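These are the residues of each chain, in order.
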Amino acid sequence: KGSLYEGGIRVPFVVVGPGVKAGSVSRVPVTGLDILPTLADFAGYGAALPAAVDGGSMRAVLHNAGMGEVRRPRPYLLFHQAIDRRPQTAVRWGDWKLVKNWKTGQVELFDLAQDLSEANDLAKAQPEKTAELHRIVNTFIAEVKAETRQLAQIRDE
């Protein structure tokens, strides 16, 4: 799973437990970052989680037959990898997804509701949406001071 396209990050997630309707299916995107806030919510942890926790509780979705949303500090999901892998970042906000290749600077935009296989790059056809999501990627990477180069590039410098 070395890619930030859907084939590399989309995996099944199964939950069984009290209040979870058997056989329900959800299309709400979640990440591993949502597990800690969900467990804290179920455990009745009342204090605010640290600001560094990016996820949100899945409880509302789990207890509503897979419908609803996960409320997170940021309204989008962001995925990033660099060291020892192809440096890339992806942001998903609703059905829109932007993938940035840091080595080439290329950005691609996809409408996952219409193109789950990410076959049709809409970056040129949707320049405003591309610019909006690209700003989010660049701002987030700068805020968290994430690496955007491969280890081999760093060694060569």
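Preceding this paragraph is the structure being described.
For every chain, the first residue of its written sequence is number 1, and the numbers climb from 1 along that sequence. For a predicted model such as this one, the threshold for reporting local features is a pLDDT of at least 70, and the threshold for listing and counting side-chain atom pairs is 80 or more; totals across whole chains, interfaces and linings nevertheless cover every residue. The side-chain numbers reported here are obtained from all heavy atoms of the structure, hydrogens and water having been left aside.

*Asks:* Got a minute to help me understand the environment of Ala 82 in this structure?
*Replies:* A helix here means a DSSP run of H or I that spans at least four residues, while a strand means a run of E at least two residues long, and both kinds are numbered starting from the N terminus. Examined against the element boundaries, Ala 82 turns out to sit in the loop between strand E1 (77-81) and strand E2 (88-93). When its relative accessible area of 7% is taken as the criterion, Ala 82 is described as buried. The spatial distance from the C-alpha of Ala 82 to the C-alpha of Ala 146 is 8.4 Å, given a sequence separation of 64 residues. Each residue is placed in one exposure class: buried if its accessible area under a 1.4 Å probe, protein chains only, is under 20% of its type's maximum, exposed if it is over 50%, and partly exposed if it falls in between.

*Asks:* Hey, could you run me through the environment of Leu 122 in this one?
*Replies:* With respect to the helices, strands and loops of the structure, Leu 122 is situated in the loop between strand E4 (107-111) and helix H4 (127-144). Sequence separation between Leu 122 and Gly 32 is 90 residues; the distance between their C-alpha atoms is 28 Å. Aside from chain neighbours lying at most four places away, what touches Leu 122 is Trp 96, Leu 109, Asp 111 and Thr 130. Contacts were defined at the residue level, with two residues in contact if any of their heavy atoms lie within 4.5 Å.

*Asks:* Explain the sheet that holds strand E3 (residues 96-101) to me, please; I cannot follow it from the model alone.
*Replies:* Sheet strands line up and pair through hydrogen bonds in the backbone, either parallel or antiparallel. Pairing between two strands requires that DSSP report at least two bridges joining them. Read from one edge of the open sheet, four strands run E1-E2-E3-E4, paired in antiparallel fashion. Each end of this open sheet is capped by a strand with a single partner; those strands are E1 and E4. Each neighbouring strand pair of the sheet contributes to a mean axis angle of 10°, computed without reference to strand direction. Where E1 lies against E2, five bridges are found, and the strand directions are antiparallel. What sits directly across from Leu 77, in E2, is Arg 92. Lines fitted to C-alpha atoms define the axes, with helix axes restricted to the stretch in contact, and inter-axis angles between N-to-C directions lie between 0 and 180 degrees. Most of the contacts of H4 go to E3, to which it runs at about 60°, and overall it touches E1, E2, E3 and E4.

*Asks:* What is the right way to look at the pairing of E4 in this model?
*Replies:* In the case of a regular strand, side chains alternate between the two sheet surfaces. Burial runs high along E4: five of the five residues are buried. Side chains of E4 alternate between two faces, with Val 107, Leu 109 and Asp 111 and Glu 108 and Phe 110 buried alike. In this structure, E3 lies alongside E4, joined through five bridges in antiparallel fashion. Across the sheet, the residue bridging to Val 99 is Glu 108, located in E4. In this structure, the hairpin formed by E3 and E4 is closed by a connection of five residues, where Gly 105 is found at a positive phi of approximately 80°.

*Asks:* What am I meant to see in the side chain of Ser 57 here?
*Replies:* Looking at the secondary structure, you find Ser 57 in the loop between helix H2 (35-42) and helix H3 (59-62). Within 3.5 Å is the distance limit for a polar contact, defined as a pair of N or O atoms, with the added protein rule that one can donate a hydrogen and the other accept it, and that residues adjacent in sequence qualify only through two side-chain atoms. One polar contact links Ser 57 to Asp 41, side chain to side chain, over a distance of 2.7 Å. Looking at Ser 57, its side chain comes within polar contact range of the main-chain nitrogen of Arg 59, at 3.1 Å. Ignoring any residue separated from it by four or fewer positions in sequence, one finds Ser 57 in contact with Pro 37, Thr 38, Asp 41, Val 70 and Arg 71.

*Asks:* Just checking my understanding: could you explain the environment of Gln 81 for this structure?
*Replies:* With respect to the element layout, Gln 81 can be found in strand E1. Residue classification places Gln 81 among the buried residues on the basis of a relative accessible area of 8%. Taking the C-alpha atoms as reference, Gln 81 lies 8.8 Å from Ala 146; in sequence the two are 65 residues apart. Ignoring any residue separated from it by four or fewer positions in sequence, one finds Gln 81 in contact with Gly 2, Ser 3, Leu 4, Arg 86, Pro 87 and Gln 88. Within the local environment of Gln 81, its side chain forms a polar contact with the backbone oxygen of Arg 86, the two atoms lying 3.4 Å apart.

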